[in-house]
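Summary of the model geometry
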Amino acid sequence: MRDKRRILLAAGGAALLLATGGAHAQTQQQAFPSKPIRIIVPLAPGGSADVLARAVGQQLAEALGQPVIIDNKPGGNNIIGTDALARATPDGHTLGLLISTHAINPHVNKALPYDSLKDFAPVAMVALMPGLLTVHPGVPARNVQELVALAKAKPGALAYGQAGQLSSGHLSMELLKQVAGVDIVSVPYKGGSAALSDAAAGNIQVLINSPVSALPFVNAGRLRALATTGARRPAAFSQLPTLAESGYPGFDLNEWYGLFAPARTPRAVVERINTEVRRIMASPAMVKRLAEIGAESPAMDTARFADFVTGETARWGEVVRKVGVKLE
């Protein structure tokens, strides 16, 4: 009888724990959000990440019924803002809009104050877009082949803008230099805006940057677009070949933007935000807005997005090793 009573008590206790745990998870989900949500952007205002964060934040505020505040924390090759995200309270009220640099930094900086994979919960894909290879209109090159021929004829005569050290544009250009066997001088800038201004002024001749920032210059005739860096042509640039089509098979590098939360953020909260962001990015207005800049937002649940981030971290590691660049 005593053994039977112990079994019944244990079963009852387990059932109570399950019920309590389920109720706790449900309470957590119902309680979120209980205050304004902050999205940390580890870059300066006005850039691609900032623009996307504000576009998503506005609609996320409407969906969740709480204000969404964009908190720009530039500096340290995105490390300052990313570290602030890692240290934030893991309750879903602090998110971060991180970019491809998040997958590059662990390969070039062994002193990161956080673990790029373990200290963050991947929440949702926001946008994926190729880089846009452009030249100043004064450069006598109408395609990639002519640009490479010009660079080979005049080694070191051309210069390209490094729009942020070890950014996807920087590494894409270094990889192109290596596979094409050309010498194009690298000129460092603190951000894309300054590099674009100098490229449009003719102070540098070549630039790979995000379409979001570069397109206004291309449309105004101040820069000439030659190719994109992804595996396939975006609909917005259907007339432009990819670098793979231009003689460099396998060239496939993209800039991506995603929402992350601190590690240990409740799973129910992460899943809810993912659901809302996927709905926002799939809306006809957002799809059209992204398509106009050559971007897309692949639908990914949290597990698929986490796998994507892991894969991108490995991919950019291979690029870093191949081109041999280091953090200066």
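Keep in mind that what you see is a predicted model, and the values were worked out from it rather than measured.

Conventions we followed
- Residues numbered from 1 in each chain as written.
- Predicted model: local features only at pLDDT ≥ 70, side-chain atom pairs only at ≥ 80, totals over all residues.
- Heavy atoms only, no water.
- Axes fitted to C-alpha atoms, helices over the stretch in contact; angles between N-to-C directions.
- Helix = DSSP H or I, 4+ residues; strand = E, 2+ residues; numbered from the N terminus.
- Parallel < 35°, antiparallel > 145°, perpendicular 65-115°, else oblique.
- Left-handed = near helix turned anticlockwise from the far one by under 90°.
- Contact = heavy atoms within 4.5 Å.
- Nonpolar A, V, L, I, M, F, W, Y, C, P; charged D, E, K, R; others polar.
- pLDDT = per-residue confidence, 0-100.
- Buried < 20%, exposed > 50% of the residue type's maximum accessible area, 1.4 Å probe, protein only.
- Pairing = 2+ DSSP bridges.
- 1 Å grid on protein atoms, 1.4 Å probe; cavity = no way out; pocket = protein on both sides within 12 Å on 5 of 7 lines; lining within 4 Å.
- Points joined across faces, edges and corners; volume = space filled by probe spheres on them.
- Arc of directions from axis to C-beta.
- Core = buried A, V, L, I, M, F, W, Y, C linked by side-chain atoms within 4.5 Å.

**Brief notes about the packing of helix 6 (residues 168-180) against helix 11 (residues 302-323)**
- Look at helix 6 against helix 11: their axes get within 10 Å of each other, and the N-to-C directions meet at 50°. As far as their axial angle goes, helix 11 and helix 6 are oblique. Once helix 6 is placed against helix 11, the crossing between them reads as left-handed. Contact residues: S168, L171, S172, E174, L175, Q178 and V179 in helix 6; W316, V319, V320, K322 and V323 in helix 11.
- Across the contact of helix 6 with helix 11, the residue classes tally to 7 nonpolar, 3 polar and 2 charged.

**Comments concerning the confidence of the model for the chain**
- Per-residue pLDDT for the chain has a mean of 90; in total, 90% of the residues score no lower than 70.
- The low-confidence segment residues 7-29, where pLDDT is below 50, has 3 contacts with residues more than four positions distant or belonging to other chains.

**Looking at the pairing of strand 8 (residues 206-209)**
- Alternating positions in strand 8 separate into two faces, V206 and I208 on one and L207 and N209 on the other, with burial throughout.
- Sheet topology note: the strand 5 (residues 132-135)/strand 8 ladder contains 4 bridges and is antiparallel. Pairing of L132 across the sheet is with N209, part of strand 8.

**Quick notes on the environment of A153**
- You can see A153 is positioned in helix 5 (residues 144-153).
- On the basis of relative accessibility, which here comes to 59%, the residue A153 falls in the exposed class.
- Each C-alpha atom of the pair A153 and G131 lies 25 Å from the other, and the pair is 22 residues apart in sequence.

**A look at the sheet that holds strand 6 (residues 159-163)**
- Spatially, 5 strands are ordered 7-6-8-5-9 in an open sheet, and the strand pairing comes out mixed. Since the sheet does not close on itself, it has two edges, and those belong to strand 7 (185-189) and strand 9 (224-228), each with one partner. Between one strand axis and the next, the sheet turns by 30° as a mean value, whatever way the strands run.
- Helix 7 (residues 192-201) contacts strand 6, strand 7 and strand 8 of the sheet and is inclined by roughly 145° relative to strand 8.

**Points about the side chain of E276**
- Relative to the helices and strands, E276 resides in helix 9 (residues 267-281).
- Beyond its immediate sequence surroundings of up to four residues, E276 is in contact with L60, A63 and L64.

**Concerning the packing of helix 2 (residues 48-64) against helix 10 (residues 284-291)**
- Put simply, helix 2 and helix 10 touch, their axes get as near as 12 Å, and they point 175° apart. Taken together, helix 2 and helix 10 sit at an angle that is classed as roughly antiparallel. Residues V51, L52, A55 and Q59 of helix 2 pack against M286, R289 and L290 of helix 10.
- Of the residues in the contact of helix 2 with helix 10, the class split is 5 nonpolar, 1 polar and 1 charged.

**Some points on the layout of surface pockets**
- Reported here for the largest pocket is a volume of approximately 920 Å³.
- L43, A163, K190, G191 and G192 are, among the 46 residues lining the largest pocket, the residues nearest its centre.
- For the lining of the largest pocket, the residue count by class is 17 nonpolar, 25 polar and 4 charged.
- Its volume calculated, the second largest pocket comes out at about 440 Å³.
- Together, 24 residues line the second largest pocket, and L128, P130, R232, N254 and E296 are the ones closest to its centre.
- Taken together, the elements giving at least two residues each to the lining of the second largest pocket come down to strand 4 (120-130), helix 10 and helix 11.
- Split by residue class, the lining of the second largest pocket holds 14 nonpolar, 4 polar and 6 charged.

**Describing helix 8 (residues 211-219)**
- Buried residues of helix 8: P211, A214, L215 and F217, and no others. Looking straight down helix 8, one finds its buried side chains confined to an arc of 170°; they lie on one side.
- In the core, the buried residues of helix 8 are packed alongside strand 4, strand 5, helix 7 and strand 8.

**Quick word on the sheet that holds strand 4**
- As summarised here, the arrangement of the 5 strands in space is 2-1-3-10-4, forming an open sheet in which the pairing is mixed. On the outer flanks of this sheet lie strand 2 (68-72) and strand 4, each paired with one strand and no other. The sheet shows a mean angle of 20° between the axes of neighbouring strands, direction not considered.
- Where strand 3 (residues 94-99) lies against strand 10 (residues 254-262), 4 bridges are found, and the strand directions are antiparallel. Within strand 10, the position partnered with G96 by the bridge is F260.
- The sheet contacts of helix 11 involve strand 4 and strand 10, and relative to strand 10 the element is tilted by about 125°.

**As for the nonpolar core**
- Counting 53 residues, the largest nonpolar core has I39, L97, V126 and Y257 as its most contacted members.
- The element that contributes the greatest number of residues to this core is helix 2, accounting for 8 residues.
- Excluding anything up to four places from it in sequence, Y257 contacts S48, A49, L52, L97, L98, I99, M125, V126, A127, M129 and S210.
- Among the nonpolar cores identified, the runner-up in size contains 51 residues, and V108, V144, L171 and F308 belong to it.

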